[in-house]
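Per-entry structural report
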Amino acid sequence: MKKTLLLAGVACLMTANANAGMLSPYVGADYVHVNTDYKNKNKEGKYADSFNSFGVSAGIRLTNSFALEGFYQQSQNKDKNTDGGYDGASFKNSLELKTYGVDVVKDIINLGKVEVLTSIGYVRYQAETKSVLTLGGTTTSAHDTEEGDGLRFGIGGQFNLTDNLGVRGMFRYGITDLDAVKNYKEFSVGLRYYFW
């Protein structure tokens, strides 16, 4: 009986909180443009440092000003061709970056239709590189995958078109422990849909 009353009480609190704008789940989709800064200067000339990415997210608004948001992003598999400093040689190098993690998002100004947002998050990275060398009619290739962790910090804004739909733009700066990538800067724009 006590368990039933306790569960009923929790359900009532959750309903009350949801009606007050708390515990509001949402989903999102973003276009993301990423610029990377490589630790190894040799990689700067070999790999592209600017990517287009697509991201999806799912979150829950815990209070009127705090939300917890999980995300997944994947960049295009972008090629860069060089001669590697050798006459007659052709290097084709590609890099694809996948990231996932969680952000804590806070609105520091909320005017109803317009919100100014900040965020801090943990990120897990997976960088896949492929290299193809053609020299004197002979082709060799190499493939490598590196994983690492990092933090990202963001600032941006959201314009709420309706009570359920908002357009969000964010600038983020991320630091990583990857051997290849030192930090990155990204700009994202996308939609957030709130279920209630």
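Residues numbered from 1 in each chain as written. Predicted model: local features only at pLDDT ≥ 70, side-chain atom pairs only at ≥ 80, totals over all residues. Heavy atoms only, no water.

1. Considerations on the overall build of the chain
A count of helices and strands for the chain gives two helices and nine strands. The linear arrangement of helices and strands in the chain, starting from the amino end, is α-β-α-β-β-β-β-β-β-β-β. Every one of the 196 residues in the chain was classed for burial, and the buried ones make up 35%. Taking all contacts inside the chain whose residues are at least 6 apart in sequence as the whole, residues at least 24 apart take part in 61%. Surface exposure of the chain reaches about 10,900 Å², of which carbon and sulfur atoms provide 63%. (Helix = DSSP H or I, 4+ residues; strand = E, 2+ residues; numbered from the N terminus. Buried < 20%, exposed > 50% of the residue type's maximum accessible area, 1.4 Å probe, protein only. Contact = heavy atoms within 4.5 Å. Areas by Shrake-Rupley, 256 points an atom, 1.4 Å probe, with all protein chains shown as cover.)

2. Considerations on the pairing of strand 3 (residues 66-75)
Each regular strand displays side chains that alternate between the two surfaces of the sheet. Going residue by residue along strand 3, you find Ala67, Glu69, Phe71, Gln73 and Ser75 tucked away on one face and Phe66, Leu68, Gly70, Tyr72 and Gln74 left uncovered on the opposite face. In the sheet, strand 2 (residues 50-61) pairs with strand 3 via nine bridges, with the strands oriented antiparallel. Of the residues in strand 3, the one forming a bridge with serine 53 is serine 75. Hairpin connection from strand 2 to strand 3: four residues lie between these consecutive antiparallel strands. (Pairing = 2+ DSSP bridges.)

3. Details of the packing of aromatic side chains
Applying the stated criterion to the full structure yields three aromatic pairs. Aromatic side chains tyrosine 26 and tyrosine 194 sit 4.8 Å apart centroid to centroid with 40° between the ring planes, which places their arrangement in the tilted category. A residue pair is termed long-range when its members are at least 10 positions apart, and tyrosine 26 in strand 1 (residues 24-38) and tyrosine 194 in strand 9 (residues 181-194) qualify at 168 residues. When the ring of tyrosine 193 is compared with that of phenylalanine 195, the centres are 5.3 Å apart and the planes differ by 85°; the resulting orientation is edge-to-face. The exposure class of tyrosine 193 is partly exposed, given its relative accessible area of 36%. Lying across the ring of phenylalanine 71, arginine 152 places its NZ or CZ 3.7 Å from the centre. (Phe/Tyr/Trp six-rings, centres within 6.5 Å; stacked < 30°, edge-to-face > 60°. Lys NZ or Arg CZ within 6 Å of the ring centre and 35° of its normal.)

4. Details of empty space enclosed by the protein
Across all of its chains, the model carries four cavities of 30 Å³ or more by this definition. Its boundaries defined by the atoms lining it, the largest cavity holds a volume of some 100 Å³. A breakdown of the residues in the lining of the largest cavity according to their chemical character gives six nonpolar, three polar and five charged. (1 Å grid on protein atoms, 1.4 Å probe; cavity = no way out; pocket = protein on both sides within 12 Å on 5 of 7 lines; lining within 4 Å. Points joined across faces, edges and corners; volume = space filled by probe spheres on them. Nonpolar A, V, L, I, M, F, W, Y, C, P; charged D, E, K, R; others polar.)

5. Remarks on the confidence of the model for the chain
In this model, the chain carries an average pLDDT of 82, and 78% of its residues clear a pLDDT of 70 or more. The least confident element of the chain, judged by mean pLDDT, is helix 1 (residues 2-19) at 42; the most confident is strand 8 (residues 165-176) at 96. Confidence drops under pLDDT 50 across residues 1-21; counting only partners more than four residues distant or on other chains, this segment forms eight contacts. (pLDDT = per-residue confidence, 0-100.)

6. A short note on the pairing of strand 9
Where strand 1 and strand 9 come together, 13 bridges link them in antiparallel fashion. Note on strand 9: the bridge partner recorded for alanine 29 is leucine 191. Relative to strand 9, strand 8 runs antiparallel, the two sharing eleven bridges. When the sheet's bridge partners are listed, phenylalanine 171 is paired in strand 9 with phenylalanine 187. What sits between strand 8 and strand 9 in their antiparallel hairpin is a turn of four residues.

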